[in-house]
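# Summary of structural features
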Amino acid sequence: MMHNPGIRTRLVTQRQIQIGRLFVDLAVAERQLVCSRERVAGVRDQSYMLVVPLSERLHYSQAGRSGTIDAGEYILLSQMEFYEISSDTEALLLMVRIPAVELRGRLASVDDHIGCRFDANRQMTLLLVDLLRRVVDLFADCPPPNPEALATEILGFIALAIGAEDRGSTLDVRNARYRLRRRIFDFIETNLGNQDLSPRKIAASSRISLSYLYSLFNDDDTTVGQFMQVKRLQRAYELLVADPKGHLTVSEIAYRVGFKNVSHFSRTFSRHFGMAPREAHQLARPLVSGSSIPLSGGEADRAGAGAFTSGAWNAAQEALHEAI
């Protein structure tokens, strides 16, 4: 049973780790935890929250959906709407705040996945939770050498895991709409480098009207143009950080992802990622030289995928035991 919305109890953040544009919190929650949009009133951009209970079963409720997830599973919540989470005893949580534009640029009908509407893929869930635990373990006390590149990889894997959820049991009109959106997303992805790609051409590829195409993107509170721009920026970022030796110029990458004007590309990229394209181009260079790596291969192997023995983990465990 969920608690009265008027109740406010503590969520004690043991450590907040910033990985580029992602924030990962390791927190201990008291039994009755209620969160609402008031909690994110100061966040500049709309965002989602991926919550992973590590020690206890977690109850959740949002947008008319409610249920329970066990330790080691995840729940996607929207920070734009009221939500509630609670546990029978104090719980240790991993919470990842994800800019909404990042998920909307990777997943069709993101909001369909809020509140465990579909069954999670068990194998992908294990990999995702293990990845997040390792991120906290390795980078709690020292930042990664390439934080924005790592953030891109984490975002991509989160989207991959959520996208692997089983929609097969949902055979309604909305699911057909999802499949159409997925085809459109794939068409845009394939044709990003075409500078003449337009909503009209996208609609024609699926034999639908322009107005229906626009309505499909309204599902995620975005437009076709905004979606295409985010996808192009994400592709550009991947090309930039994958080219540490600078074989491609910023101009070549801008044109390759479909921008017609390099100055416009640079301004848009800087607003989206908080850095200039040239800065992103330089991010991977320490990786090539082998410098600034927090752990050697042997140390990383000894840490183990499930070890999670950093100071952040120990502090959180101690706080949890004290609370109990």
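What counts and how
All residue numbers refer to positions counted from 1 along the written sequence of the respective chain. Totals for whole chains, interfaces and linings use all residues, but because this is a predicted model, local features are given only for residues with pLDDT of at least 70 and pairs of side-chain atoms are given and counted only at 80 or more. Excluded from the side-chain calculation are hydrogens and water; included are all heavy atoms of the structure. Runs of E in the DSSP output that reach at least two residues are strands. Runs of H or I that reach at least four are helices, and both are numbered from the N terminus. Accessibility here uses a 1.4 Å probe with only protein chains present; expressed as a share of the type maximum, an area under 20% marks a residue as buried, one over 50% as exposed, and anything in between as partly exposed. Note on areas: Shrake-Rupley, 1.4 Å probe, and residue coverage restricted to the protein chains presented here. Note on contacts: a residue pair is in contact if any heavy atoms of the two residues lie within 4.5 Å. What makes a nonpolar core is a set of buried Ala, Val, Leu, Ile, Met, Phe, Trp, Tyr and Cys residues whose side-chain atoms join them at distances within 4.5 Å. By salt bridge we mean one thing: a side-chain nitrogen of Lys or Arg within 4 Å of a carboxyl oxygen of Asp or Glu. A 3.5 Å cut-off defines polar contacts: any pair of N or O atoms within that distance qualifies, except that in protein one atom must be a possible hydrogen donor and the other a possible acceptor, and neighbouring residues in sequence count only when both atoms are side-chain atoms.

## Examining the overall build of the protein
- When helices and strands are tallied, the protein shows 13 helices and 9 strands.
- The buried share of the protein, reckoned over its 324 residues, is 48%.
- Here the protein displays about 15300 Å² of accessible surface, and carbon together with sulfur accounts for 49% of that area.

## A look at the environment of Phe273
- Relative to the helices and strands, Phe273 resides in helix α9 (residues 262-273).
- Residue class for Phe273 comes out buried when judged on its relative accessible area of 5%.
- Taking the C-alpha atoms as reference points, Phe273 and Glu148, 125 residues apart in sequence, are found 8.4 Å from one another.
- Discounting residues that sit within four places of it in the chain, Phe273 has contacts with Arg21, Glu102, Glu148, Leu233, Gln234 and Tyr237.

## What to know about the nonpolar core
- One finds Leu50, Leu103 and Ile158 to be the most contacted residues of the largest nonpolar core, which totals 38 residues.
- Looking at this core, the elements with two or more residues in it are β1 (11-19), β2 (22-29), β4 (47-53), β9 (91-99), α1 (100-104), α2 (122-139) and α3 (147-163).
- Among the elements that take part in this core, α2 stands out by supplying 8 residues, more than any other.
- Discounting chain neighbours no more than four positions away, the residues touching Leu103 are Tyr48, Leu76, Ile98, Val110, Ile158 and Ala159.
- Within the second largest apolar cluster, 18 residues are counted, among which are Leu240, Leu248, Val250 and Phe265.

## With respect to the pattern of salt bridges
- Applying the stated criterion to the full structure yields 8 salt bridges.
- The salt bridge partner of Arg57 is Asp70, with a shortest N-O separation of 2.8 Å. Taken together, the residues span a long stretch of sequence, with Arg57 in the loop between β4 and β5 (58-62) and Asp70 in the loop between β6 (65-69) and β7 (75-78) at a distance of 13 residues.
- Across the pair Glu102 and Arg106 runs a salt bridge, and its minimum N-O distance is 2.8 Å.
- Arg106 sits in the buried class, given a relative accessible area of 14%.
- Salt bridges sharing common partners tie together Arg21, Glu102 and Arg106.

## Details of the environment of Gln79
- Structurally, the position occupied by Gln79 is in the loop between β7 and β8 (83-86).
- Within polar-contact distance, the side chain of Gln79 engages the side chain of Ser47 at 2.8 Å.

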